[in-house]
Amino acid sequence: MLRLPSSLARSAALAIGATLAASQAFAQPVDTARIQAGDANDWLTYHGSYRSYHYSPLEQINTNNVSNLSVAWIHIPGRSTRGLQSTPVVADGVLYYTGSYSRTFALNGATGEVIWSYIPELDEALISRQTHSPYNRGVAIGDGKVYVGTMDGRLIALDMKTGKPAWDTKLVDSAKLTVGFTGAPLYAKGTVIIGAQGGEWPGRGPIFGVDAATGAKKWEFDTVAGTDEAMKTWGNDSWRTGGGGGWMPGTYDADTNTIWWGTANPAPLYDWSGADFKTQGARPGDNLYTSSVIGLDADTGKLKFYHQELPHDTWDFDSAVGEFLMLDRDGQKLVVHPNKSGYIFVYDRNAGLKNVWRITQNSNFVKDIDPKTGELIGRRDFAAGKQSEPLCPHISGGVSWNSGAYNPKTGLYYKLGQEWCMTLTVSKTTPITAPQVQLNIGADFKIAPPPSGEIYGHLDARDPVTGAKKWEVRFPEPPLASVLSTGGDLVFVPDSRGTLHAYNAETGAELWNHADGTGHQGGIVSYAVNGKQYIAVTAGFGGMASDDYAPTFGGVYKSMPRDDGALIVYSLK
Amino acid sequence: MTRHASSSAALALAASTIVAFAQLSIKPALAQQAAAPADAPLDVHELFATTCGWCHSDGGRAAGKGPQLMDTARSDDFIRNRIKNGKEGAMPAFGQVFNDSQIDSIIAYIRGLKPDQG
């Protein structure tokens, strides 16, 4: 990868970045081509680009000067129930992000001034009956609009300049299914794609493609038994309460016009089938297309290819999490995708498996996964009753739903791993669907330390294809937020205690840190306005995994708010 | 959007609730079991493994996402209120899902919780 001298990069950034007023007047609209091309000053889609690197090429902030990084401005969105979990996007000096309850903001990226805000009216009686709620993971932009999902099953489009609603489309009968949308949508080719929650919530876990101009639904793909072939993998009509879903944004491969998406786990989470899961238990069969990566035609939503990372997942290790790194390596076009278990899958651009490697150190739900075939070796299937050995990793996963980062200059993938386990007593359960769908777990469980000793988290710097580890930084409690890497040779990690760290991307040496006031569990991006580079991070704890922190770790987590958060933006003085 | 059901709708809702939760009778549940009689007691043990256990670890015996329920100092009224109305961002409201008799069963289960013998 060509390394630009910093002076050239800075002048390039200055040349591209105009004054804020001018850029709003003369900027090209955000469309698929512009997202595809990328621009160092912007962050045009959730994962940074369609390549999902969570990387900014900007070099103004670098290893030589990051110790001078300080707060430029802060925005407090309000009503941050369950904390702030979103990742901002930025175009032409305007930052767009969401808080809980799908509160949506457009801010001046240089000053933090609110340009517009939109607070949707939601069915709050319904929300009070939900669990994985009311947080929101962010927006998509394109076709002159900002797109946000809601917990009551709608996708809303707002005019990018004014924040006024352009359309508001109901997609999911959340009053009946209980679930809605927490994930950010994806914009590609005039279509807005968003996936419903599912997993432990019985349902069929649809993914939708919606016309960006009109809000009309173009297509819908059921991750549970969405084809005749898949229907055969659900015995006893268990597809009716299958779970599934695709609750985080995937990405778009323009070369093949394909939407890549990760699907969630089936319900109940823990099956009592024992080894004969193909014919016994709550949902006999492989349960397609749960815990899979799928490729959908961007125009029709038809399934083109898939790989089921965990057939008959009985551990709640979704494939819905994380990023799809689009890499070129030795003439091969590859896709790297983390599964929640902590196994990282490497594919070609048709989901043909190329390699599998593991980031977690404590893992016993399978003995291994064959790196050539993807076969699960030595899988732990459960009979009903108390399990004699704790299950590792814990239900919060070997990796979280947040994203790692790939730096094309170092060639390294910076990814957080989580080391924790759980005691487990599996029970037969009956799916509850009336008057409203309820969780179907299938077990009583409790968090437990790993066999290696204490619970901990670690940031690894790895070769994304082989998994070879270059360096590792450990944290006493697993960080849950996304990671950012930059052209300034930096890796930023927002941790769970509330500290934002900057590391040397080559060596892992810590170069700077700053206390953000509360734990992090959302996104972090970088952008530039008028030639000045910013780092924007959301702080605010209280999501599902963080719920365990106060009782498990005590300390600062005992007083940490679960209903507060802020967007904090840094720059050099 | 209607926030409060009319009285006849509420009655229908309550009836369907009882039928739905009759599925959680004391007998072990299978995925396609026919609904048990409407007055069958609520199997709270199974309810925890189905839904409550998401937050209330180890059948309610340990603190996790939610507080420990075993040996709780909270009154019956507090527990009833919490089950019906939930707590914003922490616990869902189950007031439309359980009737008073079913909530009594849940409270009785909580009061009877003992440490794991195994």
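Each value, and the rule that gives it
- Residues numbered from 1 in each chain as written.
- Chains lettered and ligands numbered in written order.
- Predicted model: local features only at pLDDT ≥ 70, side-chain atom pairs only at ≥ 80, totals over all residues.
- Helix = DSSP H or I, 4+ residues; strand = E, 2+ residues; numbered from the N terminus.
- Contact = placed C-beta atoms within 7 Å.
- Pairing = 2+ DSSP bridges.
- Expected span 1.5 Å × (residues − 1).
- Buried ≥ 20, exposed ≤ 12 C-beta atoms within 10 Å, placed from the backbone.
- Arc of directions from axis to C-beta.
- Axes fitted to C-alpha atoms, helices over the stretch in contact; angles between N-to-C directions.
- Parallel < 35°, antiparallel > 145°, perpendicular 65-115°, else oblique.
- Left-handed = near helix turned anticlockwise from the far one by under 90°.
- Nonpolar A, V, L, I, M, F, W, Y, C, P; charged D, E, K, R; others polar.
- pLDDT = per-residue confidence, 0-100.
- Core = buried A, V, L, I, M, F, W, Y, C linked by C-beta atoms within 7 Å.

Caption draft 1: How the structure looks around the overall build of chain A. The helix and strand inventory of chain A stands at seven helices and 38 strands. Along the first, second and third principal axes, the C-alpha set of chain A runs to 65 × 50 × 50 Å. Considering only intrachain contacts with a sequence separation of at least 6, the fraction spanning at least 24 residues in chain A is 64%.

Caption draft 2: Region of interest: the sheet that holds strand β35 (residues 510-515) of chain A. Residue and element names in this part refer to chain A. Pairing is mixed across the open sheet formed by five strands, whose spatial order is β1-β32-β33-β34-β35. Only two strands of the sheet have a single neighbouring strand rather than two, namely β1 (55-56) and β35. Relative to strand β32 (residues 484-486), β1 runs parallel, the two being bridged by two bridges. Opposite S56, over in β32, you have T486 as the bridge partner.

Caption draft 3: How the structure looks around helix α4 (residues 100-111) of chain B. Residue and element names in this part refer to chain B. The terminal C-alpha atoms of α4 lie 16 Å apart, and with twelve residues this matches the ideal 16 Å at 1.5 Å per residue to within 8%. Among all positions in α4, only Q102, I103, I106 and I110 are buried. Down the axis of α4, the sector holding all buried residues measures 100 degrees, keeping them to one side. Across α4 from its buried face, at more than 90 degrees, point the exposed residues D100 and S101.

Caption draft 4: Quick peek at the sheet that holds strand β38 (residues 566-572) of chain A. Residues and elements named next belong to chain A. Strand order in the open sheet made by the four strands is β2-β38-β37-β36, with antiparallel pairing throughout. The strands lining the two open edges of the sheet, one partner per strand, are β2 (69-75) and β36 (524-529). Ignoring strand direction, the axes of neighbouring strands in this sheet form an average angle of 30 degrees.

Caption draft 5: Expanded view of the pairing of strand β14 (residues 217-222) of chain A. Residues and elements named next belong to chain A. Both strand β13 (residues 206-211) and β14 contribute to a ladder of five bridges, which runs antiparallel. Across the sheet, residue G209 finds its bridge partner in β14, namely W219. As consecutive antiparallel partners, β13 and β14 are separated by five residues, and within that stretch G215 has a phi angle of approximately 80 degrees, a positive value.

Caption draft 6: How the structure looks around unusual backbone geometry. Between A267 of chain A and P268 of chain A the backbone carries a cis peptide bond, its omega angle lying at -5 degrees. Mapping P268 of chain A onto the fold places it in the loop between β16 (258-262) and β17 (292-297). The peptide bond linking C392 of chain A to P393 of chain A adopts the cis configuration, its omega dihedral lying at -5 degrees. Position of P393 of chain A among the secondary structure elements: in the loop between β25 (385-386) and β26 (405-407). Look at N236 of chain A: it is not a glycine, yet its phi comes out positive at around 55 degrees. Looking at the secondary structure, you find N236 of chain A in the loop between α6 (228-231) and β15 (251-253). Phi at D71 of chain B is positive, roughly 60 degrees, even though this residue is not glycine. Examined against the element boundaries, D71 of chain B turns out to sit in the loop between α2 (44-50) and α3 (76-85).

Caption draft 7: Representation of the packing of α3 of chain B against α4 of chain B. All names here are of chain B. It is the contact of α3 with α4, at a shortest axis distance of 10 Å, that shows an interaxial angle of 125 degrees. With respect to α4, the axis of α3 lies oblique. Handedness of the α3/α4 crossing: right-handed. Residues D76, I79, R80 and I83 of α3 form the contact with α4, whose own contacting residues are I103, I106, I107 and I110. Here the contact of α3 with α4 is built from residues that sort into six nonpolar, no polar and two charged.

Caption draft 8: Inspection of the confidence of the model for chain B at higher detail. Residues and elements named next belong to chain B. Within chain B, residue pLDDT values average 77, and 64% of them lie at 70 or more. By mean pLDDT, helix α1 (residues 7-22) is the weakest element of chain B at 46, and α3 is the strongest at 98. Confidence drops under pLDDT 50 across residues 1-20; counting only partners more than four residues distant or on other chains, this segment forms 19 contacts. Within the model, pLDDT remains below 50 along residues 25-38, and this stretch shows 30 contacts once partners closer than five positions in the same chain are excluded. Reported for the predicted complex are a pTM of 0.91 and an ipTM of 0.89.

Caption draft 9: Fine view of the nonpolar core. Membership of the largest hydrophobic core comes to 176 residues, with the highest contact counts inside it found for I141 and F492 of chain A. The contact partners of F492 of chain A, leaving out residues within four places of it in the chain, are V483, L484, L500, H501, A502, I524 and I535 of chain A.

Caption draft 10: The pairing of strand β28 (residues 421-426) of chain A, seen in detail. Residue and element names in this part refer to chain A. By the criterion of burial, β28 is predominantly enclosed, with six of the six residues buried. Along β28, one buried face is formed by C421, T423 and T425 and the opposite face, lined by M422, L424 and V426, is buried too. Bridge analysis of β25 against β28 gives two bridges, and the strand direction is antiparallel. Bridge pairing in β28 links K386 to T425. In the sheet, β28 pairs with strand β29 (residues 443-448) via six bridges, with the strands oriented antiparallel.

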